[in-house]
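Structure assessment
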Amino acid sequence: MGCVAMLAQGDYTVTGKDYNNAKKVYIVEVGENERIDSTEVVNGCFKFKGRIAKPLFAEVHTDSGAFMGQFILEPGDIKLFGNNNFYASGAPMNDSLTALTREVAVFDKQYANGEISEEEKDRKYAEKVVPVVKRHLQDALGTRTFYFFSYYIEKFTFKDLYDRSSEQIKKIPDLKRKRDYYELTAKTEEGMMFKDFEVPYE
């Protein structure tokens, strides 16, 4: 996968279908409660139009609070496909993530056919995913990739990437909880003293 350049402020359109019988839908930055944009649902479809200062890892909610899916809000003509797990196209970062998702889907098929073990599948995922996160730690593509594929990232690598990442990543509660959990469990691993059992010498 080639590098994706950071985009300056620009206009966006985001279109998709509603599967929740909503009247209105909202774009919300992941890790924040503030709504970025809103639009009406017309004949089962929605279209957002606006301007953004920098790309953001975002998600779409309905007026009833139902979650519809996640994508990268960036300049471009973005089309969202699916429900609860968006595939997005029409802008560089979204296209890159969709391409990565298709690449790793091959490993799922190989595993389902008995061609590789689950351990090998997870290793192959990590080999594809980790370099993308490393190259994009400071932008929305890295944030979305890190969040979406965090299961496949070995815990010490996860901790290192998280600690060097952008504020976009650090304000996502699920990633922070995983980082804190890995920190806690590291203290009980072989060769490490768990502080609850330390006995001071007289």
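Before reading on, note that the structure itself is shown above.
Everything numeric here is computed off the predicted structure, so don't read it as measured data.

Looking only at helices and strands, one finds six helices and eight strands in the chain. Element order for the chain, N to C, with α for helix and β for strand: β-β-β-β-β-β-β-β-α-α-α-α-α-α. Per-residue burial over the chain gives 43% buried out of 202 residues. Expressed as a percentage of contacts within the chain between residues at least 6 apart in sequence, the contacts between residues at least 24 apart total 55%. Accessible surface computed for the chain: about 11,500 Å², of which carbon and sulfur atoms make up 50%.

Our next topic: helix α2 (residues 118–135). Its 18 residues give α2 an end-to-end C-alpha distance of 26 Å, which sits within 8% of 26 Å, the value for a rise of 1.5 Å per residue. For α2, the full list of buried residues reads Lys121, Asp122, Tyr125, Ala126, Val129, Val130, Val132 and Val133. For α2, the secondary structure elements touched by its buried residues are α1 (92–112), α3 (140–148) and α4 (155–163).

Okay, the environment of Asn84 next. Within the secondary structure, Asn84 sits in the loop between β7 (76–81) and β8 (87–89). When near neighbours in sequence (up to four residues on either side) are disregarded, Asn84 contacts Phe67, Met68 and Gly69.

The next point concerns the nonpolar core. One finds Phe146, Phe149, Ile153, Phe158, Leu161 and Leu175 to be the most contacted residues of the largest nonpolar core, which totals 29 residues. Sort the elements by how many residues they give to this core and α2 lands first, with six residues. Core analysis: the next-biggest nonpolar cluster, separate from the first, contains 20 residues, Val41, Ile52, Phe71 and Ala91 among them.

This next bit is on the side chain of Thr62. With respect to the helices and strands, the residue Thr62 is situated in strand β5 (residues 56–62). For Thr62, a relative accessible area of 1% puts it in the buried group.

Let us look at the sheet that holds strand β2 (residues 24–29). Taken in spatial order, the eight strands of this open sheet run β6-β5-β2-β3-β4-β1-β7-β8, and their pairing is mixed. Looking along the sheet, the strands with just one partner apiece sit at the ends: β6 (67–73) and β8. Direction aside, the axes of adjacent strands within the sheet are offset by 25 degrees on average. Pairing of β5 with β6, which is carried by six bridges, proceeds in the antiparallel orientation. Across the sheet, residue Phe57 finds its bridge partner in β6, namely Ile72.

Turning our attention to unusual backbone geometry. A positive phi is found at Asn21, a non-glycine position, where the angle reads about 55 degrees. With phi around 55 degrees, Asn43 is a residue other than glycine that occupies positive phi space. Here Asn43 is to be found in the loop between β3 (35–42) and β4 (45–52).

Reading the values: the criteria
- As a convention, each chain's residues are numbered from 1 in the sequence order in which they are written.
- With the structure being a predicted model, the display of local features is reserved for residues of pLDDT at least 70 and the display and counting of side-chain atom pairs for 80 or more, all residues being used for whole-chain, interface and lining totals.
- Heavy atoms throughout the structure, all of them, feed into the side-chain values; hydrogens and water do not.
- Think of it this way: any DSSP run of H or I at least four residues long counts as a helix, any run of E at least two long counts as a strand, and we number them from the N terminus.
- Summary of the burial criterion: residues with accessible area below 20% of their type's maximum are buried, those above 50% are exposed, and those between are partly exposed, where the area comes from a 1.4 Å probe applied to protein chains only.
- Contacts were defined at the residue level, with two residues in contact if any of their heavy atoms lie within 4.5 Å.
- The protein chains shown are the only cover counted for residues, whose accessible areas, like all others here, come from Shrake-Rupley with a 1.4 Å probe.
- What a helix should span is 1.5 Å times the count of its residues minus one.
- To form a nonpolar core, buried Ala, Val, Leu, Ile, Met, Phe, Trp, Tyr and Cys residues must be joined to one another through side-chain atoms within 4.5 Å.
- Should DSSP find at least two bridges between two strands, the strands are taken to pair.
- A fitted line through C-alpha atoms serves as each axis, taken over the contacting stretch for helices, and the angle formed by two N-to-C directions is quoted from 0 to 180°.

Read these as layout, nothing more, since geometry by itself doesn't imply function.
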